[in-house]
Amino acid sequence: MKWFKSKYQQDFWVTIIMGSVIVISVVVLAVNFFIAIRNSQLSSRKEFLQKQTELVSRQLEMKMDEFEGDAKVVRAFVDDQDMDEEDYRQEFTETIRRVFNSYPDLIDSAHVHFSDSLISFQMTQRNNFIRRQIYEVSEKNNLNYLEVEGDTEIKIEFFLNLPAYTVRFVQDFYLDPNGSKFLIIRDSIIYLNSGFSQEPISIAEESRNEIFKDVSEGLKGLYSVNWISSGMEGMAQAAQYPFDFGDIERDASLVFLLKTDDLNSGIYSTYFFLFCVLILILIGTIVIFSLSIGNNEKSRKELMQKTEEISDLFERQSLLLQELRGFVFFHDYQGKITRVTQEMEAILGRDLNEFYEAFQKNSPYEDVKRVRNFVLKAVDNKLPYLDFEYDYLRRDGKKLRLRIFEKLVYDEEGNFKGGNGICTDITNQYEARKELINSENRLRNVIRNIPDVISIYDNSGKILSLDVKDQSEFVANSSEFVGKRLDELVGTKMKDEVLKAFSESRRTGRIKTVEWPIRIDDTKKYFEVRFFPLDDSQMMSLSKDITTQKIWEKGLVEAMNAAEKANQAKSEFLANMSHEIRTPLNGLLGIIDLLEQTDLNDQQKQYLSIIKNSGNSLLGIIKDILDYSKIEAGKIELNDQKFSPGIELIKMIDIFLGLTKKKKINLVYEIEEEANGWFIGDKDKWQQVLMNLLGNATKFTPEGGEILVKLSTEYLTDSAYFINCEVHDSGIGISPEEIPFLTDPFFQVESASDRTYQGTGLGLAIAKKIIQIMGGDLNIESSVGEGSVFSFSVLLGKSENQFNDSGVVELVDEDIDSNQGQEYPLRILLAEDNDLNLELMSLMLEQLNYEFDVARNGLDVLSSLDQKAFDVILMDVQMPLLNGLEATKRIRQGQIQKDVIIVGLSANVFDEDFKKAEEMGMDFYLTKPIRLAELAKILKNTYLTLEGEQKSKSEH
């Protein structure tokens, strides 16, 4: 029994021990087996997470680089000088639309700031592309901002939604249904809804700190993290890979997360089942092994699927490379190319086989050696990336600028294994960049050489920097003003004006200028300060020292005032002299006209002719002096009216026919048919020029000579013509040395002591000035003894109506009729205060057989109108009590005989005198000395005018 018990116990313990050993061995084996399976799956998931995160990050970086390239293309489109308004409206809008479509959800809006408008582009949620004009850009604090600089002042800016674009982008990359994706940007982590998880999850704070630490140092990493979702929590594996959004956002990272709870629960449930059912351990082991194989097979299939997706991405990437003019390449640690995309052939102009051979060991190509040197230097420094540019010359002679971006691959021990990268043709971008740099350098040189004081402020008026070229001309030390505000520096008197200019410039975006006086070392200096916006947050001003300019302006104003006073004094003197000389001339020449109507013998007629010619010569001299004085003072004006240049020329020729016949001069003319048409211009000035030129030709042409006048037109537009006139004479001629001085005032070819021909020497000077005022110039050609040619052109407007419809009765010279008062009766009121002039006018009217009443001042005129009706008033301008101008004004404003014809009589002959008389209501204006023939013509035409008006009324 003992032996049995002993044997039993021994067997029991052996069994127990063996069973325990077996159980422990099975348990240990099972635990180790499942630990190995778990680690294998964890390792597989880690590797998948790491590769997937790296792939997505790199693809996202490439996509953002592509976007920046497209943005520069848009910038280049705007800077194209050949673009017109229609191109901006259609092609430019289409270019922007393509950029929006290429990067869905990335671009919130784009704005283009032209010089006179602001255009906004936006894609709605329904994919409707909107282009519209706005007036200001609203604040968008939650968006990223990109401004694309260019050659012109046009500003292009993009507002980007990087998280939204990242959400859309990562949807194309598969992750386990229990996985989640996150974006780390600006020290915050954003959950990216992949479309699989039903509830969003977040990473626990302690796990998040570890990830943020690596992100801040630019390191990638794998982590075991705690997750939290809807009150639940668990363990997960996370992979983090840093990247950047190009120049838009430098520090960013993607985090991909896979839960590991399902893996642990599956293992522990199996372990519990095996532990409870030891007898089925072998079957369970086979089942677990089978499940493990199945899981591995599933992982393999998932890996194959991901590989196919990656291949598809590479194909899509190839299409993008074609658009970007780039190609992808791979090489081993020796520098041999193992793979290159076909886009290389189009870019470099080489075939694939030649490219592979070029990168063999001991390659003789200089371009290959250069690239390898860049790679070797990067490998020596253990750099993970390589980014450089260099120039490449194709076989066809075309020079390219290439950019190579390469990822260098190392093993765990740091040994270089090879690399892969992308080569891009950036020739266009490089040239644009060079031009931008040159433009910036030119701008810096301009600013560096500007002598003005350059100041930069913030928007509140605080001075951020102050650049003074010459401290001696400014305050003691300009650096003392940095940090101070404008309102602290400006004096009380100028504060409001300076601050208003600053604010207006900031608000409107336009340059505002203000003059700012500053006292420096007891000296007052003036600065012209121009404020203008530098950017959204800064203002700039250029301050120019205009003290010297102000001094000159003050001196110039004083000189101008002095000259104006002197000119006014001269004009007043000439006007007074003209009035004083013309008053006795009025009596002299008037009496001569009356004497001519009496019976005289031949000797008396000869004496009277001498007196009359002398008086007329004196009157001509006075007219020339006054005309030149008006021209010199700039007071001559053009009075446009409708006239025919050809007809007026014939009238002037008729005037000189008597004198030319007396000297036996053959006076002929040639007038082009077009010149006989009707034009708009100053007829009086045209007559005055012709009178001077024909008078000179007649004066200097000897007996038996010839004068030829040619008149032609030159077409400019339908409403504008040049009228060309030439006066040829066979006179004494002028030497070439004296021609330039002919148009100088008071110039005489002959000396004063031996002159053959009389005159003031003002005729040609006046003619030249008038011609210049009428838009032309006077040309003189002459030779001594061969005659002269005076030619000129004036600009006249073409009248639309080619008929003489002016309604004015032409005054024609004719013999004075002593019975004119009987043939053309008028009721005349003569207003004159000067006894001599009154006696002369009375004699003239009596000679013409007119009856008349007399008024001695303006008040008498008004009283006479109340008592009697008159047809015409001969109104002296200067009278006591009430002068003729004021009397005329009251008549026109009154109710009694306000339409009576009024003829002004005055010795004042300036244009302003004529205008003032016309403004007051005078119908005609006769200047003293008044000639009997002129008075007869005025009265005759007055009668004909009144008779025509009465007939017109009777017909109606």
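Residues numbered from 1 in each chain as written. Predicted model: local features only at pLDDT ≥ 70, side-chain atom pairs only at ≥ 80, totals over all residues. Heavy atoms only, no water.

**Considering the side chain of Glu832**
Then, number 1: Considering the arrangement of structural elements, one finds Glu832 in the loop between strand 29 (828-831) and helix 20 (835-847).
Then, number 2: Its relative accessible area of 1% is what places Glu832 among the buried residues.
Then, number 3: Polar side-chain contacts of Glu832 include one of 3.1 Å to the backbone nitrogen of Asn834.
Then, number 4: Leave out the neighbours within four places in its chain, and Glu832 touches Asn837, Leu838, Ala855, Arg856, Asp876, Met879 and Lys928. (Helix = DSSP H or I, 4+ residues; strand = E, 2+ residues; numbered from the N terminus. Buried < 20%, exposed > 50% of the residue type's maximum accessible area, 1.4 Å probe, protein only. Polar contact = N/O pair within 3.5 Å; in protein donor to acceptor, adjacent residues only side chain to side chain. Contact = heavy atoms within 4.5 Å.)

**Quick word on the confidence of the model for the protein chain**
Then, number 1: Looking at the protein chain as a whole, the pLDDT averages 77, with 75% of positions reaching at least 70.
Then, number 2: For the protein chain, helix 6 (residues 261-276) is the element with the lowest average pLDDT, namely 58, and strand 29 is the one with the highest, namely 90.
Then, number 3: Overall, residues 1-9 carries pLDDT values under 50, and its contacts beyond four positions in sequence, including any with other chains, amount to four contacts.
Then, number 4: Across residues 750-759 the pLDDT falls below 50, and counting only partners more than four positions away or on other chains, this stretch makes ten contacts in the model. (pLDDT = per-residue confidence, 0-100.)

**Re helix 20**
Then, number 1: Compared with the 18 Å implied by 1.5 Å per residue over 13 residues, the 18 Å span of helix 20 between its first and last C-alpha is a close match.
Then, number 2: Listed as buried for helix 20 are Asn837, Leu838, Leu840, Met841, Ser842, Met844 and Leu845. (Expected span 1.5 Å × (residues − 1).)

**Observations concerning the sheet that holds strand 32 (residues 901-906)**
Two strands in a sheet stick together by hydrogen bonds in their backbones, pointing the same way (parallel) or opposite ways (antiparallel).
Then, number 1: Read from one edge to the other, the open sheet built from five strands follows the order 30-29-31-32-33, with strand pairing classed as parallel. Only two strands of the sheet have a single partner each, and these edge strands are strand 30 (852-855) and strand 33 (924-927). When the angles between neighbouring strand axes are averaged without regard to direction, this sheet yields 20 degrees.
Then, number 2: In terms of strand pairing, strand 32 meets strand 33 through four bridges, oriented parallel. Paired with Ser906 across the bridge in strand 33 is Thr927.
Then, number 3: The strands touched by helix 20 within the sheet are strand 29, strand 30, strand 31 (872-876) and strand 32, with strand 29 carrying the most contacts at an inclination of about 160 degrees. (Pairing = 2+ DSSP bridges. Axes fitted to C-alpha atoms, helices over the stretch in contact; angles between N-to-C directions.)

**Describing the nonpolar core**
Side chains that are nonpolar tend, in soluble globular proteins, to be buried together.
Then, number 1: Counting residues in each nonpolar core, the largest one holds 49 residues, and the members touching the most others are Phe67, Phe92, Leu106, Phe121, Phe158, Leu160 and Phe245.
Then, number 2: Broken down by element, the residue count for this core peaks at ten residues, all from helix 1 (residues 2-79).
Then, number 3: Ranked by size, the runner-up nonpolar core spans 35 residues in total, among them Tyr721, Cys725, Ile766 and Ile770. (Core = buried A, V, L, I, M, F, W, Y, C linked by side-chain atoms within 4.5 Å.)

**What about unusual backbone geometry?**
Then, number 1: One non-glycine residue, Asp105, adopts positive backbone phi at about 70 degrees.
Then, number 2: Tracing the chain through its elements places Asp105 in the loop between helix 3 (91-102) and strand 1 (107-113).
Then, number 3: When its relative accessible area of 42% is taken as the criterion, Asp105 is described as partly exposed.
Then, number 4: Its identity is not glycine, yet Lys382 carries a phi of approximately 55 degrees, on the positive side.
Then, number 5: Along the chain, Lys382 turns up in the loop between helix 10 (366-380) and strand 14 (385-393).

**A short note on the packing of aromatic side chains**
Then, number 1: Scanning all chains against the criterion turns up 25 aromatic pairs.
Then, number 2: Ring centres of Phe92 and Phe121 lie 6.0 Å apart, and the angle between their planes is 80 degrees; this geometry places the pair in the edge-to-face category. In this pair, Phe92 is assigned in helix 3 and Phe121 in strand 2 (residues 118-123), connecting sequence segments 29 residues apart.
Then, number 3: A ring pair is formed by Tyr457 and Phe502, whose centres lie 5.7 Å apart and whose planes are at 80 degrees; its orientation type is edge-to-face. Pair noted here: Tyr457 is in strand 17 (residues 453-458) and Phe502 is in helix 13 (residues 492-508), with a separation of 45 residues, a long-range link. Both residues of the pair, Tyr457 and Phe502, count as buried.
Then, number 4: The ring of Trp227 has Lys259 lying over it, and the distance from NZ or CZ to the ring centre is 4.1 Å.
Then, number 5: The ring of Tyr385 carries Lys407 above its face, with NZ or CZ at 5.7 Å from the centroid. (Phe/Tyr/Trp six-rings, centres within 6.5 Å; stacked < 30°, edge-to-face > 60°. Lys NZ or Arg CZ within 6 Å of the ring centre and 35° of its normal.)

**Things to note about the environment of Asp214**
Then, number 1: With respect to the secondary-structure elements, Asp214 resides in helix 5 (residues 205-216).
Then, number 2: Look at Asp214 and you get buried, because its relative accessible area is 17%.
Then, number 3: Taking the C-alpha atoms as reference points, Asp214 and Ser253, 39 residues apart in sequence, are found 9.9 Å from one another.
Then, number 4: Contacts of Asp214, omitting those with residues within four sequence positions, involve Leu219, Tyr223 and Gln240.

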